[in-house]
Amino acid sequence: MNGLGDLLLLGLTVLVASSVPFVPTGELVGAAAALAAPSALGTAAVFLVCWVCSAAGDTVLLTGARLLRVPLQGWLDRRATGPRVAQARRWLDRSAFSAVVTARLVPGTRAPVIIALGLSGASRRRFVAADLVGCGLWAALYTAAGALGGRLSGHPVLAVTAAVVLAVVASTVVGRLVRRRQQRADEAAQTSCSS
């Protein structure tokens, strides 16, 4: 990261990618942090830009889902992603705050949760509060992985590669832990319903 122009480009990319369902951005954040790793200020700037822009992008996605509620619901009913959004709705019924925060950390769950919230007409203010926490954790995770990769290797290509690998491993571990917890909660809910 060589300056303000790079940070603006990073922020714009994260904002746009967060506004679109199923576009991964964590690896980009990790790579940017790896390149900024020699500078503590640069690493902090990567974190801050990615935190704010990811939250703004998620809010754009929520707003789009709210505005396009009727056609979007019809489209989802005809697609394979429909069940994922239905599962996200059940997750939201249990704890919307937890679902929004966790969805930011687990690859492939952010968009279904945000779309489900948009379709249900959930409060934008409550969403933004939860999303700021989730985006902060997400940006911290990927920035830390990238900075660690950048510090372990002095070569930019190796630093970016190490950052991407660390970020993928971290998100995979978090994803598996959350999915196990979610499965246990679903099994407990089914057991209590059948009792």
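Residues numbered from 1 in each chain as written. Predicted model: local features only at pLDDT ≥ 70, side-chain atom pairs only at ≥ 80, totals over all residues. Heavy atoms only, no water.

A. Structural view of the pattern of salt bridges. All told, the structure shown has two salt bridges when counted by the stated rule. Between Arg104 and Asp58 there is a salt bridge; the shortest N-O distance is 3.1 Å. Of the two residues, Arg104 sits in helix α6 (residues 96–105) while Asp58 sits in helix α3 (residues 40–67), which places them 46 residues apart along the sequence. According to the relative accessible area criterion, Arg104 is buried, its value standing at 6%. On the basis of relative accessibility, which here comes to 0%, the residue Asp58 falls in the buried class. The partner of Asp58 in a salt bridge is Arg110, with the nearest N and O atoms 2.8 Å apart. With Asp58 in helix α3 and Arg110 in helix α7 (residues 110–120), the pair connects residues that are 52 residues apart, well separated along the chain. (Salt bridge = Lys/Arg side-chain N within 4 Å of Asp/Glu carboxyl O. Helix = DSSP H or I, 4+ residues; strand = E, 2+ residues; numbered from the N terminus. Buried < 20%, exposed > 50% of the residue type's maximum accessible area, 1.4 Å probe, protein only.)

B. Seen up close, the packing of aromatic side chains. One pass over the full model with this rule turns up two aromatic pairs. Measuring from ring centre to ring centre gives 5.7 Å for Trp138 and Tyr142, while their planes differ by 55°; the resulting arrangement is tilted. Here Trp138 pairs with Tyr142, and both are found in helix α8 (residues 124–152), just four residues apart, close to one helical turn. Accessibility classification places Trp138 together with Tyr142 in one group, the buried group. The ring of Trp138 has Arg104 lying over it, and the distance from NZ or CZ to the ring centre is 4.3 Å. (Phe/Tyr/Trp six-rings, centres within 6.5 Å; stacked < 30°, edge-to-face > 60°. Lys NZ or Arg CZ within 6 Å of the ring centre and 35° of its normal.)

C. Structural view of the environment of Ala147. Secondary-structure assignment places Ala147 in helix α8. The exposure class of Ala147 is buried, given its relative accessible area of 4%. Ala147 sits 111 residues away from Ala36 along the chain, and the two C-alpha atoms are 7.2 Å apart. The residues contacting Ala147, other than those within four sequence positions of it, are Ala33, Ala34, Ala37 and Thr43. (Contact = heavy atoms within 4.5 Å.)

D. Representation of a nonpolar patch on the surface. On the surface, Leu12, Val16, Val20 and Val23 cluster together to form a nonpolar patch covering roughly 300 Å² of accessible area. Within the secondary structure, Val16 sits in helix α1 (residues 4–19). The partly exposed category is assigned to Val16, whose relative accessible area is 44%. (Patch = residues over 30% accessible without salt bridge, like charges linked within 9 Å, V, L, I, M, F, W, Y side chains within 5 Å. Areas by Shrake-Rupley, 256 points an atom, 1.4 Å probe, with all protein chains shown as cover.)

E. Seen up close, the packing of α6 against α8. Following both chains from N to C, one finds α6 and α8 inclined at 30°, their axes separated by 8 Å at the closest point. With respect to their mutual orientation, α6 and α8 come out roughly parallel. Like other packed secondary-structure pairs, α6 and α8 cross with a definite hand, here right-handed. Contact residues: α6 offers Phe97, Val100, Val101, Arg104 and Leu105, while α8 offers Phe127, Ala129, Ala130, Asp131, Val133, Gly134, Cys135, Leu137 and Trp138. Taken together, the residues of the contact of α6 with α8 break down into 11 nonpolar, one polar and two charged. (Axes fitted to C-alpha atoms, helices over the stretch in contact; angles between N-to-C directions. Parallel < 35°, antiparallel > 145°, perpendicular 65-115°, else oblique. Left-handed = near helix turned anticlockwise from the far one by under 90°. Nonpolar A, V, L, I, M, F, W, Y, C, P; charged D, E, K, R; others polar.)

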